[in-house]
Amino acid sequence: MRAYARELAFQLIFERLFVKENYSDEEFFASLKKEDDKNFVKEILACYEQNKESVQELISSNLVGYELNRVYKVDLALLCEAVTEIIYVKTPYKIVVNEIVELAKKFSTEKSSRFINGVLSSIIKSINADKKEE
């Protein structure tokens, strides 16, 4: 199920915000039954690892009243997962936003889902504006 795979991707990105190497990914992948889901998570992680600076830069440029280092780490990991999936994995943004907001309700603070939704809306508007300019 993609929702569960997306949740694991978020958890692995969260781990990467604190641990710089020696990741414990295999136990996460063992919980995924379908090879498609494993490949989906691996694609998200690979894209995140290759582009984490630009992902975080995009998030930072769309924060209003916050600095990246002040964002709650769970929220940051959710935002990183969402931006990576939207831009690099090319998952339709409506699906990503909906599922990331649900994960925020499950794993983060009461206000986080609204915060994340607002940041992602701003990011999507900036992406769409860039596409129109091309």
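Just so we're clear, the structure is a prediction, and the values are computed from it rather than from any experiment.

S.K.: Before we move on, can you summarise unusual backbone geometry with the specific residues and values?
M.R.: Excluding glycine, residues mostly carry a negative phi; peptide bonds, for their part, are mostly trans. Of note, K90 is a non-glycine position whose phi angle comes to about 70°, a positive value. With a relative accessible area of 62%, K90 lands in the exposed category.

S.K.: So what's going on with the nonpolar core? Residues and values would help.
M.R.: If you look at the biggest cluster of nonpolar residues, it comprises 45 residues, and the most contacted ones within it are V41, I59, L78, I100, I116, L120 and I123. Sorting the residues of this core by element identifies α1 (2–18), α2 (25–30), α3 (35–61), α4 (73–89), α5 (93–107) and α6 (112–133) as the ones contributing at least two each. No other element matches the 10 residues that α4 contributes to this core. Sequence-distant contacts of I100, defined by excluding residues within four places in its chain, comprise R6, L78, E81, A82, I116 and L120.

S.K.: A description of the packing of α3 against α4 should follow, citing residues and the corresponding values.
M.R.: Relative orientation of the contacting elements α3 and α4 amounts to 105°, with a least axis distance of 7 Å. Between α3 and α4, the crossing angle belongs to the class labelled roughly perpendicular. Contacts between α3 and α4 involve F40, E43, I44, C47, Y48, N51, S54, V55, Q56, L58 and I59 from the first element and L76, L79, C80, E81, V83, T84, E85, I87, Y88 and V89 from the second. When the residues that make up the contact of α3 with α4 are grouped by side-chain class, the tally is 14 nonpolar, four polar and three charged.

What counts and how
- Residues numbered from 1 in each chain as written.
- Predicted model: local features only at pLDDT ≥ 70, side-chain atom pairs only at ≥ 80, totals over all residues.
- Heavy atoms only, no water.
- Buried < 20%, exposed > 50% of the residue type's maximum accessible area, 1.4 Å probe, protein only.
- Core = buried A, V, L, I, M, F, W, Y, C linked by side-chain atoms within 4.5 Å.
- Helix = DSSP H or I, 4+ residues; strand = E, 2+ residues; numbered from the N terminus.
- Contact = heavy atoms within 4.5 Å.
- Axes fitted to C-alpha atoms, helices over the stretch in contact; angles between N-to-C directions.
- Parallel < 35°, antiparallel > 145°, perpendicular 65-115°, else oblique.
- Nonpolar A, V, L, I, M, F, W, Y, C, P; charged D, E, K, R; others polar.

It is worth stressing that arrangement in space is one thing and function is another; only the former is reported here.
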